[in-house]
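Below, each chain spelled out in residue letters.
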Amino acid sequence: MIRKKKYKNKIPGLFAQRLTLFNSSRGFTILELIVSLAIIGLLLGVVMNGITNSRQKARDSKRVDEIKQLQNALQLYYNDNQSYPATLDRDILVPIYIKTIPKDPATGGDYLYAALFDGNTCGNYHLGATLEITPLNTGALETDFDAPASQGVCGGSNADFSGDDPVYDVRP
């Protein structure tokens, strides 16, 4: 004959069920917690890296757009004066040719500019910006000028710069 064990002090009803839930040995082990935190940390690292790259790409895109705006303003200046300005001076270009002289979005510094002498006047220029992300075979760096530094700069102008990548550079 099989005997059934009787448990003493058993509390009947709903309260007994709650009591067994609190006394159960279910829960997370330290190893499970460490693995979970490592996975969360890895995912956060991937997401943050993607956000950083997106911000760099956005700043590079803004640089290229601003160089094009400056190029348009310089062409308008040239049409009126038959030469390019020696510097990207605010007093010369603003507000007639451009609303404001754009600055690098990351550093707040000026873009690279050199007015180049072509015999009689400042009839040429070299304008550029250093990009943050530089995959050499994609984007704006495929279509830029990549000019070497020139020795023939106009009086009062900055020295010319090398347009080798990662510099996005243009000439008229």
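Presented here is a report on the structure given in the accompanying data block. On a predicted model such as this, the values are computed, not experimentally measured, just so you know. (Residues numbered from 1 in each chain as written. Predicted model: local features only at pLDDT ≥ 70, side-chain atom pairs only at ≥ 80, totals over all residues. Heavy atoms only, no water.)

1. Description of the layout of surface pockets
Here the largest pocket is characterised by a volume of approximately 160 Å³. Every residue along the wall of the largest pocket is listed here: Leu-70, Thr-87, Leu-88, Asp-89, Ile-101, Pro-102, Lys-103, Asp-110, Tyr-111, Tyr-113 and Asn-158. Taken together, the residues that form the lining of the largest pocket break down as 6 nonpolar, 2 polar and 3 charged. (1 Å grid on protein atoms, 1.4 Å probe; cavity = no way out; pocket = protein on both sides within 12 Å on 5 of 7 lines; lining within 4 Å. Points joined across faces, edges and corners; volume = space filled by probe spheres on them. Nonpolar A, V, L, I, M, F, W, Y, C, P; charged D, E, K, R; others polar.)

2. Thoughts on the state of the cysteines
Note on terminology: disulfide describes a covalent bond linking the sulfur atoms of two cysteines. Counting across every chain of the model gives 1 disulfide. For Cys-122, the disulfide goes to Cys-154, at an S-S distance of 2.0 Å. Here the residue Cys-122 occupies a position in the loop between β1 (112–116) and β2 (124–130), and Cys-154 occupies one in the loop between β2 and β3 (167–170), the gap between them amounting to 32 residues. By relative accessible area, Cys-122 is classed as buried at 15%. Of the residues examined, Cys-154 reaches a relative accessible area of 4% and is grouped as buried. (Disulfide = S-S within 2.5 Å. Helix = DSSP H or I, 4+ residues; strand = E, 2+ residues; numbered from the N terminus. Buried < 20%, exposed > 50% of the residue type's maximum accessible area, 1.4 Å probe, protein only.)

3. Brief notes about the nonpolar core
The nonpolar side chains of a soluble globular protein tend to be buried with one another. Counting residues in each nonpolar core, the largest one holds 25 residues, and the members touching the most others are Leu-74, Leu-93, Tyr-113 and Leu-127. Those elements that place two or more of their residues in this core are α2 (30–81), β1, β2 and β3. In terms of residues, this core owes the most to one element, α2, which gives 6 residues. Excluding residues that lie within four positions of it along the chain, Leu-127 makes contacts with Ile-67, Leu-70, Gln-71, Leu-74, Leu-88, Leu-112, Tyr-113, Phe-161, Tyr-168, Asp-169 and Val-170. (Core = buried A, V, L, I, M, F, W, Y, C linked by side-chain atoms within 4.5 Å. Contact = heavy atoms within 4.5 Å.)

4. With respect to the side chain of Asp-60
For Asp-60, the position within the fold is in helix α2. On the accessibility criterion, Asp-60 (8% relative accessible area) is buried. A distance of 2.8 Å separates a polar atom in the side chain of Asp-60 from the backbone nitrogen of Glu-132. If we skip the residues at most four places from it in the chain, Asp-60 touches Leu-131, Glu-132 and Ile-133. (Polar contact = N/O pair within 3.5 Å; in protein donor to acceptor, adjacent residues only side chain to side chain.)

5. Considering the pattern of salt bridges
Scanning the model with the defined rule gives 6 salt bridges in all. One salt bridge in this structure joins Asp-60 and Arg-63, with 2.7 Å as the shortest N-O distance. In this pair, Asp-60 and Arg-63 are both assigned in helix α2, 3 residues apart and thus about one turn of the helix distant. Accessibility expressed as a relative area gives 2% for Arg-63, which makes it buried. For Arg-63, the salt bridge identified is with Asp-104, shortest N-O distance 2.7 Å. Separated by 41 residues along the polypeptide, Arg-63 in helix α2 and Asp-104 in the loop between α3 (90–93) and β1 bring together distant segments of the chain. Neither residue differs from the other here; Arg-63 and Asp-104 are each classed as buried. Residues joined in a network through salt bridges with shared partners are Arg-59, Asp-60, Arg-63, Asp-104 and Glu-132. (Salt bridge = Lys/Arg side-chain N within 4 Å of Asp/Glu carboxyl O.)

6. Comments concerning the packing of aromatic side chains
Working definition: an aromatic ring pair is given by the centre-to-centre distance plus the angle between the planes. Within this structure, the stated rule accounts for 4 aromatic pairs. Between Tyr-84 and Tyr-125, the aromatic rings sit 4.7 Å apart at their centres with planes inclined by 75 degrees, giving edge-to-face as the arrangement. Here the residue Tyr-84 occupies a position in the loop between α2 and α3, and Tyr-125 occupies one in strand β2, the gap between them amounting to 41 residues. Residue classification places Tyr-84 among the buried positions, given a relative accessible area of 5%. (Phe/Tyr/Trp six-rings, centres within 6.5 Å; stacked < 30°, edge-to-face > 60°.)

7. Comments concerning the sheet that holds β3
Across the sheet, which stays open at both edges, the 3 strands sit in the order β1-β2-β3 with antiparallel pairing between neighbours. Only two strands of the sheet have a single neighbouring strand rather than two, namely β1 and β3. The sheet shows a mean angle of 15 degrees between the axes of neighbouring strands, direction not considered. Two elements, β2 and β3, share 4 bridges in a ladder whose sense is antiparallel. Considered in β3, the bridge of Ala-129 is made with Tyr-168. With respect to the sheet, α2 is in contact with β1, β2 and β3, its orientation differing from that of β2 by roughly 165 degrees. (Pairing = 2+ DSSP bridges. Axes fitted to C-alpha atoms, helices over the stretch in contact; angles between N-to-C directions.)

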